[in-house]
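# Coordinate analysis (summary)
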Amino acid sequence: HSMGGLVGYEVVSRAHKALYGLVTIGTPTNLSAHPISKLHYAMFKWFCWGLPVSYLGKLSTLVSPWAAWILWLHPAPLYTNMDTLPRSDLRRLLVQALEDTPRQLIQEFIDAINGRGPLSEQGWSRYRAMLRGLPVPILAIAGDRDGLAPLEVTEMIKEWGPRDKTTFKVVEGYGHGDLIISGAAC
């Protein structure tokens, strides 16, 4: 799921003989085309800036008991669709799916959006070539309401992935978080 799919692409490129294929869910393929809002961009850019760890897990666990009732406690348009996600599942998502994250990983996300860092234009060229050469089938699933990995950044796998081995499916009405805790991706 999400950045785990990016890791999965790298694993497949190096250890493809041990794998039959890869399924990604909500995986951003082209971060340089990300239409992230200024508010959410600022949240990512400055959250726990200067610390080695971004305490996303601790924060989400702290707000989880109230998040389903006080909806402004979580950025619903960013990662969930409250019409498809029961409130109890939102609490479970906040406690179980979000973890404290190395701040460097968030900085790499920000740098990629800005066209800098490992996924700069030179990095994107290497990345696109690596994706094109993946020798196993890829099934990429995306939600049309996903604010973290919107269609603009997920659908590029159709062009960049291995020809005749890449399938891209869009699940209508689902966001980033509800894709992984619902049956929609199944």
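As a reminder, the structure under discussion sits directly above these lines.
The structure contained in this document is the topic of the report that follows. (Residues numbered from 1 in each chain as written. Predicted model: local features only at pLDDT ≥ 70, side-chain atom pairs only at ≥ 80, totals over all residues. Heavy atoms only, no water.)

### Re the environment of Arg-92
Tracing the backbone through its elements, the reader meets Arg-92 in helix 5 (residues 87-96). Using a relative accessible area of 41% as the deciding quantity, one classes Arg-92 as partly exposed. Spatially, the C-alpha atoms of Arg-92 and Ser-64 are 7.8 Å apart, while their sequence positions differ by 28 residues. (Helix = DSSP H or I, 4+ residues; strand = E, 2+ residues; numbered from the N terminus. Buried < 20%, exposed > 50% of the residue type's maximum accessible area, 1.4 Å probe, protein only.)

### Some points on the pattern of salt bridges
Taken as a whole and assessed by the stated rule, the structure comprises four salt bridges. Put simply, Arg-126 and Glu-10 hold a salt bridge, and the shortest N to O gap is 3.1 Å. Here Arg-126, found in helix 7 (residues 121-132), pairs with Glu-10, found in helix 1 (residues 3-15); they are 116 residues apart in sequence, far enough to count as distant. The exposure class of Arg-126 is partly exposed, given its relative accessible area of 44%. Note that Asp-100 and Lys-58 form a salt bridge whose closest N and O atoms lie 2.5 Å from each other. Here Asp-100 is found in the loop between helix 5 and strand 3 (101-102), whereas its partner Lys-58 is found in helix 3 (residues 56-67), with 42 residues between them in sequence. (Salt bridge = Lys/Arg side-chain N within 4 Å of Asp/Glu carboxyl O.)

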